[in-house]
Every structure is written in C-alpha cells, then in structure tokens.
Amino acid sequence: MITVIKNVSVYKPEPIGVKDVLLMGDKIAAIEDKIDINLNGVVDVKEIDCTGKILVPGFIDCHVHILGGGGEGGFATRTPESTLTGFTTAGVTTVVGTLGTDGVGRDMSALVAKARGLEEEGITTYVYTGSYRLPLRTLTGEIMKDIMFIDKVIGIGEVAISDHRSSQPTFEEFIRAAADARVAGMLSGKAGIVNIHVGDGTRKLEMLFRAVKETEIPVTQFLPTHINRNPELFEEGIRYAKEGGYIDFTASEDPDFWEEQDGEVRFSKGLRRILDEGISLDNFTISSDGQGSLPVFNEKKEFIGLGVGKSTSLLVSIKDCVFNGDIPLEIALRAVTCNPARILKLKGKGRVEKHFDADLCLMDEKTLDIDTVIAKGRIMVENKKAVVKGTFE
Ligand code: ZN
C-alpha cells in the first residue's frame, strides 16, 4: 500500500516544517517538500490532506501490564488484559509488556503469547522477562537464553526494589541478574535493560547507586520506573539522572488529583526540573503502567472502586507540558518517541525518518488531539475512531 500524507507539519520529534510524507508498505519511504505520485491507477495511492495537522512518531508505551496486573486485593482484583484499540486510540503503536507483582498466577509463556497476539492484531510489541521477584522466573529457565533467543524479550523486569511487595533481593542477587541482562543484551544486539519498579520505601534508589559505584555495570543498564511517585523519590531520581541514569515517569489520567491526593510529581513539573537542572534531553521517558490497578474516586474524593491505568494518560501528560508547563511539544514528545526507542534499542522506532517504520500519529495543531493513527503503514484510527479492532472487540 502507498500513502502520501500531504501538507503536514512534521515533528521528528524535532520540528522540520510543512512536508509531504510518503509511506510504502510498513516503512516511511520519503519526506520531501512536495511529493506527487501518479501510477495511472496501477497501484492504489491514498492521499491524506493534513493542512492544520501535526505528524509525530507513534507513541512507545514502555511499561504496560498487557496480560493484566493487580491482584493485590485478592483474586477478584486481578485486572483484565489490554486491548488493541486501548493502545491505538491513545496513539500508541509500540508497547513493552511486563508482568508485575504476580509472576505466579501469570507467567512468561502467557505474557509472550499476549504480546504475539497484539502484534498479529497490528501493533509492535516487546516484553521484559521476569516479574517483581528475584530470582527471576523466565521462559527458558535462564535470563540469558530468554534475551538471546526470544525475539520479543528485550530486558528483565519489572524487578521491584524499595517496596513491601518486592522479594527483598540481596544486592548480590540483584546485580547478578543485571549482569546477565547486560551480557545477553550485548550478545544479541538488544538493550538488555533492567526495568525496575521503585516503591515508596525509604531505600529509594540505593540499590542502583550501589550498583554504579561498586560494579562495572554502567548506569545506562537500568531504567527505574514510577520515579515521580513522591517528591522525595523524585529528588533521588534527579540525582541519579545527573549521574547519567535514565528515569521513567508514570503518567496520570488526572495529574491535578494525584498531585494533590498523593504528592505525585506531575510530568510537566518533573520535566521542567530536568530542563532547569541541565539534565540530558535523552534520559527521560514516560509510560502508562497500563492495566495496573488504580483506585477510583468520585468528585467528593471518596473511594468508589478499582479501575485500570490506560495509555491515554501519555497524551494527557504531553498536553499538560505544552498547555500548562510552557514546555515545547518537541521536548515533551521525546519521552514517548525517540528516548524509549534509543534506550530500549528498538530499531526503526520513535522517529519520523526515512526508512523508519511507518508508525505515526496525526494531531490537531491547536488541541493536540490525535485523530489518525498508523501502525506499520496501516491506518488503525481515523477521525478519532478505531477502524481496525482486536479479535474480540
Ligand atoms: Zn510497577
């Protein structure tokens, strides 16, 4: 299939002005000032006029419980699996799945199967092997084999530290797992990233600072998440990022509420701090923690039940940066595009660039609402409606 996106303001994420973008099959074939194609009807060419619209890379959501998560209030609180349109309507075209607290009731076979299912439905998927717990329970029995021989596995996690739900790993256990992830990543050309769930505990990032200080494993091997869960942890995150570490924010659907209720550091404020501190623009990401269980409150702030995290929180956070945080779109976008693609070594992802995958979102210039989403060259969402649905949707 050949598609020409006409007269669109392109953010690579860096803005490069109004262009025409040619898609052939699942790739971006050209980005030029003007592209006119006439194949005399031999092959269908779809033209989309995008005057007044912005073209950005499809979002990468790098921490999602695709198989469902939760369960911490008993079996009835296990959350449901992700759906295809839950991602595509949120602008997400690449997702990294992870288990979570429960690596027993759910396991790696089921996680990889779910990732394959979503891939067949049309988006790109990867997974971390393991769960909160160390030693990790993997698919093949060894961390290194999982990373080296299962295409979908790009690292380990989410390994929990500084949390009452973690397996309270010793430093030796922790660093041995990280070492396996690193070496397997090197041997297979993958990131071998260690995705870390950081809890509310007082030890915060102590394990990571120790790893960097006492071993040869570079700081860039780790991607701690939930770094904005409270102000004290966020301060540690800033200190860690200043040493060259990567930090992952967890997005909120309602940043006002969670800031007030829970002391969460909203992405727009955290990113402003990163800019003010002169921290590298390459070192931050944001993920939704999608399908994780979340308490739901009514307007009077009374608890009314459990809900699940959603990928739509990514766009909420980006809009909050642009409209309330005075942060340029091209900087905020880095968190869901080029940064996770580079940190996780996802080839062909995260940029609007010739030869890259045709994973794209079209946004309204003024509202930043997403109206069209293309995954691997296929239109998944058009006029804000999902035109491709998951098998059971
Ligand atoms: Zn977590």
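Relevant structure appears above.
Residues numbered from 1 in each chain as written. Predicted model: local features only at pLDDT ≥ 70, side-chain atom pairs only at ≥ 80, totals over all residues. Heavy atoms only, no water.

J.: I would appreciate a short explanation of the overall build of the protein chain in the present structure.
T.: Looking only at helices and strands, the protein chain features 11 helices and 19 strands. In terms of overall size, the protein chain behaves like a compact globule, its C-alpha atoms giving a radius of gyration of 20 Å where 393 residues would be expected to give roughly 21 Å. Overall, the C-alpha framework of the protein chain stretches about 65 × 50 × 45 Å when taken along its three principal axes. When the 393 residues of the protein chain are sorted by exposure, 56% land in the buried category. A sequence separation of at least 24 residues applies to 70% of the contacts in the protein chain between residues at least 6 apart. As presented, the protein chain carries roughly 16,500 Å² of accessible surface, and 50% of it is formed by carbon and sulfur atoms. Each charge sign in the protein chain was given a centre, from 47 positive and 59 negative side chains, and these centres are 2 Å apart. (Helix = DSSP H or I, 4+ residues; strand = E, 2+ residues; numbered from the N terminus. Rg over C-alpha atoms; globule rule 2.2 N^0.38 Å. Buried < 20%, exposed > 50% of the residue type's maximum accessible area, 1.4 Å probe, protein only. Contact = heavy atoms within 4.5 Å. Areas by Shrake-Rupley, 256 points an atom, 1.4 Å probe, with all protein chains shown as cover. Lys, Arg positive; Asp, Glu negative; His and termini not counted. Charge placed at Lys NZ, Arg CZ, Asp CG, Glu CD.)

J.: Could you clarify how one ought to interpret helix α5 (residues 206-214) in this entry?
T.: Along an α-helix, a turn takes 3.6 residues, which lines up residues three or four apart on a common side. For α5, the set of buried residues is Met-207, Leu-208, Phe-209 and Ala-211. Close packing links the buried residues of α5 with β9 (153-161), α4 (171-188), β10 (193-198), β11 (222-225) and α6 (231-242).

J.: Can you help me understand the coordination of the zinc ion in this one?
T.: Ideal values differ by geometry: the angle at a metal is 109.5 degrees with four tetrahedral donors, but 90 or 180 degrees with six octahedral donors. Coordination sphere of the zinc ion, protein contribution only: Glu-158 (OE), His-197 (ND1) and His-226 (NE2), at 2.1 to 2.3 Å. Positions of the donor residues of the zinc ion along the chain correspond to the pattern E-x38-H-x28-H. In this pair, Glu-158 sits in strand β9 while His-197 sits in strand β10, placing the two residues 39 residues apart along the sequence. Overall, the relative accessible area of 1% leaves Glu-158 in the buried class. Of the residues examined, His-197 reaches a relative accessible area of 2% and is grouped as buried. (Donors = N, O, S within 2.8 Å, 3.2 Å for Na, K, Ca; no water.)

J.: How should the sheet that holds strand β8 (residues 124-129) be read in this particular structure?
T.: Two pairing modes exist for strands in a sheet, parallel and antiparallel, and in both the strands are linked by backbone hydrogen bonds. Strand order in the open sheet formed by 6 strands is β6-β7-β8-β9-β10-β11, with parallel pairing between adjacent strands. Two strands close off the open sheet at either side, each with one partner strand: β6 (59-64) and β11. Each strand axis lies, on average, 25 degrees off the axis of its neighbour in the sheet, ignoring direction. As paired elements, strand β7 (residues 92-97) and β8 share 4 bridges and run parallel to each other. For Val-96, the partnering residue across the bridge sits in β8 and is Tyr-126. (Pairing = 2+ DSSP bridges. Axes fitted to C-alpha atoms, helices over the stretch in contact; angles between N-to-C directions.)

J.: What's the story with the nonpolar core in this structure? I'm lost.
T.: Side chains that are nonpolar tend, in soluble globular proteins, to be buried together. With 83 residues, the main nonpolar core has Phe-59, Ile-156, Phe-174, Phe-222, Phe-249, Leu-271 and Phe-284 as its most contacted residues. The biggest single contributor to this core is α4, with 7 residues. With sequence-adjacent residues up to four places away left out, Phe-174 is seen in contact with Leu-134, Val-159, Ile-161, Ile-196, Met-207, Leu-208 and Phe-222. (Core = buried A, V, L, I, M, F, W, Y, C linked by side-chain atoms within 4.5 Å.)

J.: Can you help me understand the layout of surface pockets in this one?
T.: Where empty space is left can be seen by rolling a probe of water-molecule size over the atoms. Put simply, the largest pocket is a space of about 1,100 Å³. Looking at the largest pocket, it is lined by 43 residues, and the ones nearest its centre are Trp-258, Asp-289, Ser-293, Leu-294 and Pro-295. Elements that contribute at least two residues to the lining of the largest pocket include exactly α7 (255-262), β14 (293-297) and β15 (303-308). Among the elements that take part in the lining of the largest pocket, β14 stands out by supplying 5 residues, more than any other. Grouping the constituent residues of the lining of the largest pocket by class yields 10 nonpolar, 19 polar and 14 charged. (1 Å grid on protein atoms, 1.4 Å probe; cavity = no way out; pocket = protein on both sides within 12 Å on 5 of 7 lines; lining within 4 Å. Points joined across faces, edges and corners; volume = space filled by probe spheres on them. Nonpolar A, V, L, I, M, F, W, Y, C, P; charged D, E, K, R; others polar.)

J.: Explain the side chain of Thr-125 here, please?
T.: Counting through the fold element by element, Thr-125 comes out in strand β8. Given a relative accessible area of 1%, Thr-125 falls into the buried group. Side-chain polar atoms of Thr-125 contact the backbone oxygen of Ala-115, separated by 2.8 Å. Apart from the residues lying within four places of it in its own chain, the contact partners of Thr-125 are Val-95, Ala-115, Arg-116, Leu-118, Glu-119 and Lys-152. (Polar contact = N/O pair within 3.5 Å; in protein donor to acceptor, adjacent residues only side chain to side chain.)

J.: Could you clarify how one ought to interpret the pairing of β7 in this entry?
T.: In summary, the side chains of a regular strand alternate between the two faces of the sheet. Within β7, 6 of the 6 residues are buried, which leaves the element mostly enclosed by the surrounding structure. Direction of pairing for β6 relative to β7: parallel, over a ladder of 4 bridges. Counterpart to Val-64 in the pairing with β7 is Gly-97.

J.: Is there a simple way to think about the environment of Ile-379 in this case?
T.: Residue placement: Ile-379 occurs in strand β18 (residues 378-382). Taking relative accessible area as the criterion, Ile-379 reaches 12% and is therefore assigned buried. For the pair formed by Ile-379 and Thr-3, sequence separation is 376 residues and the distance between their alpha carbons is 9.9 Å. Here Ile-379 is in contact with Lys-46, Ile-48, Thr-372, Val-373, Ile-374, Val-387 and Val-388, once residues within four sequence places are set aside.

J.: I keep staring at a nonpolar patch on the surface and nothing clicks. Help me out?
T.: Taken together, Leu-39, Val-42 and Val-43 make up a surface patch of nonpolar side chains, about 260 Å² in accessible area. Residue position: Leu-39 is located in the loop between β3 (27-32) and β4 (45-49). (Patch = residues over 30% accessible without salt bridge, like charges linked within 9 Å, V, L, I, M, F, W, Y side chains within 5 Å. Salt bridge = Lys/Arg side-chain N within 4 Å of Asp/Glu carboxyl O.)

J.: Would you mind showing me how to read helix α8 (residues 267-276) here?
T.: Residues of α8 that are buried: Phe-267, Ser-268, Gly-270, Leu-271 and Ile-274. Seen from one end, α8 has its buried residues packed into an arc of 165 degrees, which puts them on one side. With respect to the buried face of α8, the exposed residues turned more than 90 degrees away are Lys-269 and Asp-276. Looking at the buried side of α8, the elements it contacts are α6, β12 (247-250), β13 (284-287), α9 (312-324) and α10 (329-333). Looking one or two residues past α8, Gly-278 carries a phi angle of roughly 70 degrees, positive in sign. (Arc of directions from axis to C-beta.)

J.: Is there a simple way to think about the packing of aromatic side chains in this case?
T.: The way to describe two aromatic rings as a pair is by their centre distance and the angle between their planes. Following the criterion strictly, the structure yields 8 aromatic pairs and no others. Relative to Phe-267, the ring of Phe-249 has its centre 5.0 Å away and its plane inclined at 75 degrees; by these criteria the two rings are edge-to-face. Pair noted here: Phe-249 is in strand β12 and Phe-267 is in helix α8, with a separation of 18 residues, a long-range link. Positioned above the aromatic ring of Phe-171, the side-chain terminus of Arg-210 is 3.9 Å from the ring centre. (Phe/Tyr/Trp six-rings, centres within 6.5 Å; stacked < 30°, edge-to-face > 60°. Lys NZ or Arg CZ within 6 Å of the ring centre and 35° of its normal.)

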